[in-house]
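Analysis of the macromolecular model
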Amino acid sequence: MRFVVEFRHVTKTYARTHTHALKNVDFLIRKGEFVYFTGHSGAGKSTLLSLVLRRITPSEGAVAIAGQDLALLRESQLPLLRRRIGMVFQDHRLLPKLSSLDNLTFALRATGYRGNYEQRALGALRQVGLAHKRKAYPIELSLGEQQRIAIARALVTDPPLLLCDEPTGNLDPDTSWEILELLNDVNIKGTTVIVATHSRDLVDRLKRRTMVLRSGELVRDDDRGGYSL
Ligand SMILES: Nc1ncnc2c1ncn2[C@@H]1O[C@H](COP(=O)(O)OP(=O)(O)O)[C@@H](O)[C@H]1O
Ligand SMILES: [Mg+2]
């Protein structure tokens, strides 16, 4: 597998509203990279992540994951694709009536994973430094801890690719930085990480490859990173 994520001349138009969310977007992301997609609200970041998950399909062009053209994937192959891609949102979307551990085992069960659920879930909680909170319910955790649990849940199937859509959108600067450091650790251990964020601070603080979207166009791809070089 050469590239984890490959976009070839991808255009996405939302037909109902005639919105050109992405225009002729072209890039490659290699295994092990940490990449930001940044740009203002409405620039097309979330659309791009939805295409990677094949929640939506391109109007033109092609998206390939691990060398596989998503247009050729059968419906029955989608669960496997999504098991191999972890997803973190701005709001943690944890189930309020389940403990941290149960949120993870629940997610694991839904993927059809075979093995010891609890052991695997505990491993993921350890990875985010919150094994001691395994019995806590979401309401008993700080916002930062809730987001760490959400990251653990995204990692519970040990996916090679982690997508984060505005992962620090609800957090104060210090907590945002902790989340960013955690994502960096996850990346160092080998997971490819893609972070969509409108936050200049984030992108400037931990400098990594940065792709800038402006009204659906990829206007910059900078290996050195940082927003305002
Ligand atoms: N499901 C949808 N239907 C119609 N238009 C959409 C839909 N999702 C997003 N858009 C539009 O596409 C553009 C890009 O949106 P989005 O990808 O959410 O940007 P970002 O995540 O960078 O804020 C915006 O103009 C938005 O209004
Ligand atoms: Mg968005």
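As a reminder, the structure under discussion sits directly above these lines.
Residues numbered from 1 in each chain as written. Chains lettered and ligands numbered in written order. Predicted model: local features only at pLDDT ≥ 70, side-chain atom pairs only at ≥ 80, totals over all residues. Heavy atoms only, no water.

Bringing the overall build of the protein into the picture now. In terms of regular secondary structure, the protein is built from seven helices and ten strands. The C-alpha atoms of the protein give a radius of gyration of 17 Å, which matches the 17 Å a tight globule of 229 residues would have. Taken over the C-alpha atoms alone, the protein extends approximately 45 × 40 × 35 Å along its principal axes. Counting only contacts in the protein whose residues sit at least 6 apart along the sequence, the fraction spanning at least 24 positions is 69%. When the accessible surface of the protein is split by element, carbon and sulfur atoms take 48% of a total near 11,700 Å². (Helix = DSSP H or I, 4+ residues; strand = E, 2+ residues; numbered from the N terminus. Rg over C-alpha atoms; globule rule 2.2 N^0.38 Å. Contact = heavy atoms within 4.5 Å. Areas by Shrake-Rupley, 256 points an atom, 1.4 Å probe, with all protein chains shown as cover.)

All right, on to helix α3 (residues 100–110) then. Listed in full, the buried residues belonging to α3 are S100, L101, N103, L104, T105, A107 and L108. Buried residues belonging to α3 abut α4 (117–127) and α5 (143–155). Of the residues flanking the end of α3, it is G112, one or two places downstream, whose phi is positive at about 80°. (Buried < 20%, exposed > 50% of the residue type's maximum accessible area, 1.4 Å probe, protein only.)

It is worth spelling out the site of ligand 1 at this point. In the vicinity of ligand 1, the contacting residues are Y14, T17, T19, A21, H40, S41, G42, A43, G44, K45, S46 and T47. Within the contact set of ligand 1, an oxygen atom lies 2.6 Å away from a backbone nitrogen or oxygen of G42. One nitrogen or oxygen atom from the main chain of G44 is found 3.0 Å from an oxygen atom belonging to ligand 1. Here ligand 1, which alone exposes 560 Å², has 61% of that area covered by the protein. At the level of elements, β2 (19–30) and α1 (45–52) are the ones that each hand at least two residues to the shell around ligand 1. The element that contributes the greatest number of residues to the shell around ligand 1 is α1, accounting for three residues. Of the residues belonging to the shell around ligand 1, the class tally is three nonpolar, eight polar and one charged. (Near = heavy atom within 4 Å. Polar contact = N/O pair within 3.5 Å; in protein donor to acceptor, adjacent residues only side chain to side chain. Nonpolar A, V, L, I, M, F, W, Y, C, P; charged D, E, K, R; others polar.)

Within this structure, the stated rule accounts for six salt bridges. As a salt-bridge pair, R209 and E33 come within 3.0 Å of each other at their nearest N and O atoms. On the criterion of sequence distance, the pair formed by R209 in strand β9 (residues 209–214) and E33 in the loop between β2 and β3 (34–38) is long-range, its members being 176 residues apart. Judged by relative accessible area, R209 falls into the buried class, the value being 7%. (Salt bridge = Lys/Arg side-chain N within 4 Å of Asp/Glu carboxyl O.)

Moving on, we get to the pairing of strand β7 (residues 161–165). Most of β7 sits out of view: five of its five residues are buried. The alternating pattern of β7 places L161, L163 and D165 on one face and L162 and C164 on the opposite face, and all of these are buried. Two strands pair when backbone bridges link them, and strand β6 (residues 85–88) and β7 are joined in this way by four bridges, in the parallel orientation. Counterpart to I85 in the pairing with β7 is L161. Pairing of β7 with strand β8 (residues 192–197), which is carried by five bridges, proceeds in the parallel orientation. Each bridged residue has a counterpart across the sheet, and for D165 the counterpart in β8 is A196. Note on the crossover from β7 through helix α6 (residues 173–188) to β8: the handedness is right-handed. (Pairing = 2+ DSSP bridges. Right-handed = clockwise from strand over helix to strand, strands pointing away.)

Looking now at the nonpolar core. Among the nonpolar cores identified, the biggest contains 36 residues, and F34, L104, I151, L162 and L183 are the most heavily contacted of them. No other element matches α5, which puts six residues into this core. Sequence-distant contacts of L162, defined by excluding residues within four places in its chain, comprise G86, M87, V88, A154, L155, L183, V186, T191, T192, V193 and I194. V52, I56, L78 and F89 belong to the second largest nonpolar core, which has 32 residues in total. (Core = buried A, V, L, I, M, F, W, Y, C linked by side-chain atoms within 4.5 Å.)

Okay, the sheet that holds strand β1 (residues 3–14) next. Read from one edge of the open sheet, four strands run β2-β1-β4-β5, paired in antiparallel fashion. The open sheet is flanked by β2 and β5 (68–69), the only strands paired with a single partner. Taken together, the two bridges between strand β4 (residues 60–65) and β5 define a ladder with antiparallel strand orientation. Paired with I65 across the strands is Q68, a residue of β5. On the sheet, α1 packs against β1, β2 and β4 and is oriented at approximately 120° with respect to β1. (Axes fitted to C-alpha atoms, helices over the stretch in contact; angles between N-to-C directions.)

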